[in-house]
Amino acid sequence: MGQGVEIVERELGELALNMGPQHPSTHGVLRLTLHLRGETVVKAVPGIGYLHRGVEKLAETLAYDQLAPVFERDDYLGPTANSLGYVLVVERLGGFEVPRRAAWLRTLVAELQRVASHLVWLGTLGLDLGGALGGGTTLYMYCFRERETILDFMEELTGTRFHTNFNLIGGARYDLTPELAARAGALADAAERMLGELHSMTSRNVVFRQRMERVGVIPPDLALAVGVTGPVLRASGVRYDVRRGQPYDAYPELDFEIPVRQAGDALARFEVRMAEIEQSARLVRQLVDGLPEGPIFTRKPLKNPKAAKLKPGEAYAAVESPRGELGYYLVADGGSNPYRLKIHAPSFCNLQIIPHIAPGLLLADVIATLGSLDPVLGDVDR
Amino acid sequence: MPAAEVREALRLRFGAVDFALGVEVPREALLETLRALRDLHGYRFYICASATDREGEVEVVHGVRNVDSGDSLWVKVRLAKPAPEVDSAAFVFAGAEWHEREILDLFGVKFRAHPDPRRILMPDEYEGHPLLKAFPIDTPWGYRPPTSTEKP
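In this text, all values refer to a predicted model and were calculated from it rather than measured experimentally.

### Some details on the overall build of chain A
And step 1. The number of helices and strands found in chain A is 16 helices and eight strands.
And step 2. In terms of overall size, chain A behaves like a compact globule, its C-alpha atoms giving a radius of gyration of 22 Å where 382 residues would be expected to give roughly 21 Å.
And step 3. Principal axes of the C-alpha set define a box for chain A whose edges measure 80 × 45 × 35 Å.
And step 4. Put simply, chain A has 382 residues, and 52% of those count as buried.
And step 5. Sequence-distant contacts in chain A: of pairs separated by 6 or more residues, those separated by 24 or more amount to 71%.

Structure below.
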């Protein structure tokens, strides 16, 4: 660097750069104020709330049975996990029985949606890294092609491609026909097949590895204190997965592994998610093969949703959404709507790590780090 | 250490009272309780903080977890209105920073010695705290949620 450049920089000091809220690689409306010295970040201040819709206040005005579809709009890449977490907390407080077949079906849909969500993450990560992957859109197209088959399956099953509205308090809304079960099995096989293809474009690509390796390292102690969850936590060497820690629905009966990496960098988070796709495929195959017979909904039908009331109390239930631990803290007062419902959003917790790890990174590495955290802003802002 | 013994230890040391999901402690003992949970009992993972607006007081809970045993514990404090105030837990668990900002934003609870006490979800110039029960739900365009006694 020439002498003149240094003088100019000393005079100007830090440069504050606003990345977002409208920026292609902030995955929604995240605003990052980056204080730069040259190309190195010295301070990063995330600004959120641009997508705040007040669902927690809204939840206090609606009846319990009306709320599941509302929460599906929170995390718009893994909607099933949202409504699943909500129905779980109501079932826990209200003591509702879930038929075994319904529990297995809910797990099946959740796992397929995890694959779909991870595919969106990988595709958009490819866009973020841009030139590293031959223009970037190649990976994106491959991922979205595979995701499309899962959405088609959802449409066949529920009539909706995306916000499936599948989970009900005390059961599931739609049943799986034998033909559809075979299709779900085929989707699992396809997911495993495509992994090789995706790996050849990413983890076996030297440019991709250079962009991801030793970038945005999160030490395990920091990960625990900040409370990052899901793949981000497990990439830092902490073996905690809600599906094993507080098992729900069909998971206690299923055989799967929890991928863990020790490095804590962006590449480790990538590897954990790729391994999760593999495990999800394994789970889907088990769920299709061992699907029990029986009813999927046994609650007495209500004439008016306001007739369903919960006894006073507090409960917390969490699911492992594609982004991590998605929890609902429900306070009931005996009425027909929640007295207070707090959503523990995984993206919110994962995004909080940015001010801790961004200082010292290059500007381009912030993009890779952010991509590897996979925040969904609908989930952050609620 | 099993969860029941942890609760017993907290009861003896801080006068903690059990509730469904964890323990309730006096307001002054919150930080010491969280520190004891982190350093003595292995609850090193910070889940989140939440608040509930009750009559005359605001309840704040902090959730912590022992990732080795999988046990979660929620620590609750009750803060008297109209000016609820409590020590910030952000220096015990770094993750509390944003969750406390959210409670400050939506409930108006003041966190003493918070490193960055700004609103987080609502705009900076916003007035009021939306999740308080007293906050009107009527909007400028006249929406009111339907109640069961009213005919649409």
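### What about the pairing of strand E3 (residues 40-47) of chain A?
All names here are of chain A.
And step 1. Direction of pairing for strand E2 (residues 31-37) relative to E3: antiparallel, over a ladder of seven bridges. Across the sheet, Thr-33 pairs through a bridge with Val-45, a residue of E3.
And step 2. Counted between consecutive antiparallel strands, the loop separating E2 from E3 contains two residues, among which Gly-38 sits at a positive phi close to 65°.

### Description of the interface of chain B and chain A
And step 1. Between chain B and chain A, the contact holds 23 residues from the first and 29 residues from the second.
And step 2. Within the side of chain B that touches chain A, the residues separate by chemical class into 17 nonpolar, five polar and one charged.

### Here's the deal with the environment of Arg183(A)
And step 1. Here Arg183(A) shows up in helix H7 (residues 178-201).
And step 2. With 40 residues separating them in the primary sequence, Arg183(A) and Cys143(A) have C-alpha atoms 19 Å apart.

### Focus: the confidence of the model for chain A
When pLDDT drops low, the exact placement of atoms in the prediction is not to be read closely.
And step 1. For chain A, the mean per-residue pLDDT works out to 86, and 95% of the residues sit at or above 70.
And step 2. Here residues 1-9 of chain A scores under 50 on pLDDT; set against residues more than four positions off or in separate chains, the count is two contacts.

### Details of the packing of helix H4 (residues 79-94) of chain A against helix H5 (residues 100-129) of chain A
And step 1. Look at H4(A) against H5(A): their axes get within 8 Å of each other, and the N-to-C directions meet at 145°. Contact residues: H4(A) offers Thr80(A), Ala81(A) and Leu84(A), while H5(A) offers Arg106(A), Val109(A), Ala110(A) and Gln113(A).

### Examining the nonpolar core
And step 1. Judged by nonpolar contacts, the single largest core of 153 residues is most densely connected at Val89(A), Val90(A), Leu112(A), Val284(A), Leu330(A), Val60(B) and Val109(B).
And step 2. Each residue touching Val60(B), except ones within four places of it in the same chain, is listed here: Ala49(B), Ala51(B), Val77(B), Leu79(B), Val86(B), Ile103(B) and Val109(B).

### Here we look at H5(A)
Residues and elements named next belong to chain A.
And step 1. The end-to-end C-alpha distance of H5 is 44 Å, a good match for the 44 Å that 30 residues give at a rise of 1.5 Å each.
And step 2. Burial within H5 is extensive, with 28 of its 30 residues counted as buried.
And step 3. Gly-130 lies just past H5 and shows a positive phi near 55°.

### Focus on the sheet that holds strand E8 (residues 340-344) of chain A
Residue and element names in this part refer to chain A.
And step 1. One open sheet holds the three strands; their spatial order is E6-E7-E8, and the pairing between them is antiparallel. The open sheet terminates on both sides in strands that have one partner only, identified here as strand E6 (313-321) and E8. This sheet shows a mean twist of 15° between the axes of neighbouring strands, independent of strand direction.
And step 2. As paired strands, E6 and strand E7 (residues 324-332) are joined by nine bridges and run antiparallel to one another. Counted as the bridge partner of Ala-318 is Gly-327 from E7.
And step 3. Across the face of the sheet, H4 comes into contact with E6 and E7 while running at roughly 150° to E6.

### A word on helix H12 (residues 266-289) of chain A
And step 1. Its 24 residues give H12(A) an end-to-end C-alpha distance of 35 Å, which sits within 8% of 34 Å, the value for a rise of 1.5 Å per residue.
And step 2. Burial analysis of H12(A) places 18 of its 24 residues in the buried class, the great majority of the element.

### Some details on the pairing of E7(A)
All names here are of chain A.
And step 1. Counting buried positions over the nine residues of E7 gives nine, a clear majority of the element.
And step 2. Between E6 and E7, which follow one another and run antiparallel, lie two residues.
And step 3. By the bridge criterion, five bridges tie E7 to E8 in an arrangement that is antiparallel. Across the sheet, the residue bridging to Gly-327 is His-344, located in E8.

### A few points about unusual backbone geometry
One can expect most non-glycine residues to show negative phi and most peptide bonds to be in trans.
And step 1. The amide bond that connects Lys81(B) to the next residue, Pro82(B), takes the cis arrangement and shows omega of 10°.
And step 2. Looking at where Pro82(B) falls in the secondary structure, it is placed in the loop between strand E5 (72-80) and strand E6 (85-87).
And step 3. Phi is positive for Asn165(A), close to 55°, though the residue is something other than glycine.
And step 4. A residue is classified by how many C-beta atoms lie within 10 Å of it, and Asn165(A), with 17 of them, is partly exposed.
And step 5. Unlike most non-glycine residues, Asp249(A) shows phi in positive territory, near 45°.

### Some points on the environment of Ala184(A)
And step 1. Among the secondary structure elements, Ala184(A) is positioned in helix H7.
And step 2. It is 9.4 Å that separates the C-alpha atoms of Ala184(A) and Val109(A), two residues lying 75 residues apart in sequence.

### Concerning the sheet that holds strand E2 (residues 22-24) of chain B
Residues and elements named next belong to chain B.
And step 1. Read from one edge of the open sheet, five strands run E1-E2-E5-E4-E3, paired in mixed fashion. For this open sheet the edge positions go to strand E1 (17-19) and strand E3 (45-54), each flanked by a neighbour on one side alone. This sheet shows a mean twist of 25° between the axes of neighbouring strands, independent of strand direction.
And step 2. As defined by bridge partners, E2 adjoins E5 across three bridges and the pair is classed as parallel. Opposite Glu-24, over in E5, you have Lys-76 as the bridge partner.
And step 3. Strands E3 and strand E4 (57-65) of the sheet are contacted by helix H3 (residues 96-107), whose axis makes an angle of about 10° with E3.

Basis of the calculations
- Residues numbered from 1 in each chain as written.
- Chains lettered and ligands numbered in written order.
- Predicted model: local features only at pLDDT ≥ 70, side-chain atom pairs only at ≥ 80, totals over all residues.
- Helix = DSSP H or I, 4+ residues; strand = E, 2+ residues; numbered from the N terminus.
- Rg over C-alpha atoms; globule rule 2.2 N^0.38 Å.
- Buried ≥ 20, exposed ≤ 12 C-beta atoms within 10 Å, placed from the backbone.
- Contact = placed C-beta atoms within 7 Å.
- Pairing = 2+ DSSP bridges.
- Nonpolar A, V, L, I, M, F, W, Y, C, P; charged D, E, K, R; others polar.
- pLDDT = per-residue confidence, 0-100.
- Axes fitted to C-alpha atoms, helices over the stretch in contact; angles between N-to-C directions.
- Core = buried A, V, L, I, M, F, W, Y, C linked by C-beta atoms within 7 Å.
- Expected span 1.5 Å × (residues − 1).

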